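# Notes for the structure review
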Amino acid sequence: MATRQTWAAEREVSGYHVKTLFLMAKTENASHMQLVAREIKEYHDILQWDFVESHHNLSLKERCFLEWVHYNCKEVEFIFKGDDDEFVNPEAVVKYVKETPEAAHTIHGNMQTKSVVMHTGKYRVSKSLFPYCLYPIFPSGGGFILPGAFIPALYQVSTWLPVFPLDDVYFGFLALAANLSLRHDERFDTLGTLNGICSYKKALVIHGNDNLTVDDNVRMERENVKANSRKTYFDHKHSVKVTKVNVGDWVMIKRPGFQSGGNKLSKPMKFVKIFNNAIRTDDHRVWNLNRVVPYKGKEIQDVDENDQSRKNRTFLLVGP
């Protein structure tokens with residue numbers, strides 16, 4: 001109730017109709033289900049599916065939501081997806097999508113690029129299910145913005161990609177399989193690191209991390225060290241080849257052309273940060289490193305004329 005009366009209240013914000021929907025499964029507690037039935041009848045803002053509500057079923061809920069939006073909400077322009085135990089700033093979210101260049105061509109959030117696969121605790125996953133050390137890049141489930149135009153591609157992928165126990169990692173798998181780009185922004189404060197009232201005015205979302213104990217954080221740090229060591233050993237043993245890039249290298253995004261029917265390249269941009277298995281371009285988007293390939297076309301023109309080595313340091317990103 002408190003959420004509906006505060007940031008989740010239906011409203012108009014700078015020309016956008018903002019409406020909140022709550023996603024739910026079921027519980028064996030009959031009194032809880034009666035309360036849910038009353039809220040559905042009164043507020044008409046709850047989507048409910050016939051499976052048990054649990055942490056590992058959040059991914060199944062994600063898949064069901066994509067299906068519902070695909071068939072019932074084709075006109076939606078942007079979707080902000082988050083949790084109900086957080087603060088969301090609708091005015092800041094709308095301002096963000098209106099002011100961010102090409103906002104409708106990427107997924108926006110707090111991108112996790114070195115997330116360790118844990119085999120104990122709340123976020124445990126068996127080695128037989130996922131035998132690798134680190135997860136591919138994914139947006140933190142605490143809150144991210146998804147363009148409505150991406151729904152068909154994500155839904156189609158979800159029809160054949162198996163559901164994974166961790167919902168934010170699962171969504172990252174879907175985005176990767178659908179060949180969609182991701183954009184990182186610190187204003188998606190999914191770990192509750194901001195302080196003071198001014199932080200709430202600037203942030204898009206603030207989500208606490210009270211569920212993690214000191215022991216959990218220590219365990220995650222230890223797992224991170226082990227994972228990086230195992231990955232280095234595996235890459236060396238199997239001669240894994242990854243395109244080598246440096247901060248400052250030029251890159252152009254290759255994506256479908258809407259007018260010519262062929263492929264078109266974006267304007268040249270630079271790599272500004274390199275992670276373990278991802279890179280960030282100067283438009284703040286984050287990409288998987290395995291999507292970077294050397295550029296073999298003509299020398300690009302829209303760069304600094306004093307950079308004589310640009311031809312040998314230009315890459316392509318295979319983008320949406």
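Residues numbered from 1 in each chain as written. Predicted model: local features only at pLDDT ≥ 70, side-chain atom pairs only at ≥ 80, totals over all residues. Heavy atoms only, no water.

The name given to the protein in an unreviewed UniProt entry is Hexosyltransferase, with the source organism recorded as Pleurodeles waltl. According to the UniProt record, the Subcellular location (unreviewed entry) comment for the protein reads "Golgi apparatus membrane". Regarding the protein, the UniProt comment filed under Sequence similarities (unreviewed entry) reads as follows: "Belongs to the glycosyltransferase 31 family." (UniProt positions renumbered as here; feature names shortened; annotations may be inferred.)

This paragraph deals with the pattern of salt bridges. All chains considered together, the criterion is met by 10 salt bridges. When the shortest N-O distance is used, the salt bridge between Arg 11 and Glu 91 registers 3.0 Å. Placement of Arg 11 in strand E1 (residues 11–13) and of Glu 91 in helix H4 (residues 90–99) is noted, with a sequence separation of 80 residues between them. The exposure class of Glu 91 is partly exposed, given its relative accessible area of 40%. Residue Glu 62 is joined to Lys 81 by a salt bridge in which the shortest nitrogen-to-oxygen separation is 3.5 Å. Taken together, the residues span a long stretch of sequence, with Glu 62 in helix H3 (residues 58–72) and Lys 81 in strand E5 (residues 78–82) at a distance of 19 residues. When its relative accessible area of 3% is taken as the criterion, Glu 62 is described as buried. (Salt bridge = Lys/Arg side-chain N within 4 Å of Asp/Glu carboxyl O. Helix = DSSP H or I, 4+ residues; strand = E, 2+ residues; numbered from the N terminus. Buried < 20%, exposed > 50% of the residue type's maximum accessible area, 1.4 Å probe, protein only.)

Here we take up the sheet that holds strand E11 (residues 205–207). Spatially, E6-E11-E10 is the arrangement adopted by the three strands of the open sheet, whose pairing is mixed. Of all strands in the sheet, those with a lone pairing partner are strand E6 (86–88) and strand E10 (188–189), marking the two edges. (Pairing = 2+ DSSP bridges.)

Here we come to the packing of H3 against helix H5 (residues 151–158). Packed helices, taken two at a time, are described by their axes: the angle between them and the distance between them. Here H3 crosses H5 at 135 degrees, and the two axes come no closer than 9 Å. Relative to H5, the element H3 lies oblique. The way H3 lies across H5 gives a crossing that is left-handed. Contact residues: H3 offers Arg 63, Leu 66, Glu 67, Val 69, His 70 and Tyr 71, while H5 offers Ile 151, Pro 152, Leu 154, Tyr 155, Gln 156 and Ser 158. Broken down by class, the residue content of the contact of H3 with H5 amounts to seven nonpolar, three polar and two charged. (Axes fitted to C-alpha atoms, helices over the stretch in contact; angles between N-to-C directions. Parallel < 35°, antiparallel > 145°, perpendicular 65-115°, else oblique. Left-handed = near helix turned anticlockwise from the far one by under 90°. Contact = heavy atoms within 4.5 Å. Nonpolar A, V, L, I, M, F, W, Y, C, P; charged D, E, K, R; others polar.)

Right, let's get into the environment of Ala 103. Among the secondary structure elements, Ala 103 is positioned in the loop between H4 and strand E7 (107–112). When the C-alpha atoms of Ala 103 and Pro 147 are compared, they prove to be 7.7 Å apart, with 44 residues separating the residues in sequence. When sequence neighbours within four positions are dropped, the list of residues in contact with Ala 103 reads Phe 78, Val 97, His 108 and Pro 147.

With that out of the way, let us pick up the confidence of the model for the protein. Mean pLDDT for the protein: 80, with 74% of residues reaching 70 or above. Note on residues 210–214: pLDDT under 50 across the span, and five contacts to partners over four residues away in sequence or across chains. (pLDDT = per-residue confidence, 0-100.)

This part takes up the packing of aromatic side chains. Counting across every chain of the model gives 10 aromatic pairs. Ring geometry for Phe 130 and Phe 164: centres 5.8 Å apart, planes at 75 degrees, overall edge-to-face. Placement of Phe 130 in the loop between E7 and strand E8 (138–147) and of Phe 164 in the loop between H5 and helix H6 (167–177) is noted, with a sequence separation of 34 residues between them. The interplanar angle of 75 degrees and the centroid separation of 5.2 Å between the aromatic rings of Phe 164 and Phe 173 together place this pair among those described as edge-to-face. As far as burial versus exposure is concerned, Phe 164 and Phe 173 are alike and both buried. Three or more aromatic residues joined by ring pairs make a cluster, and in this case those are Phe 130, Tyr 132, Tyr 135, Phe 138, Phe 164 and Phe 173. Cation over ring: Arg 4 sits above Tyr 43, and NZ or CZ is 4.0 Å from the ring centre. (Phe/Tyr/Trp six-rings, centres within 6.5 Å; stacked < 30°, edge-to-face > 60°. Lys NZ or Arg CZ within 6 Å of the ring centre and 35° of its normal.)

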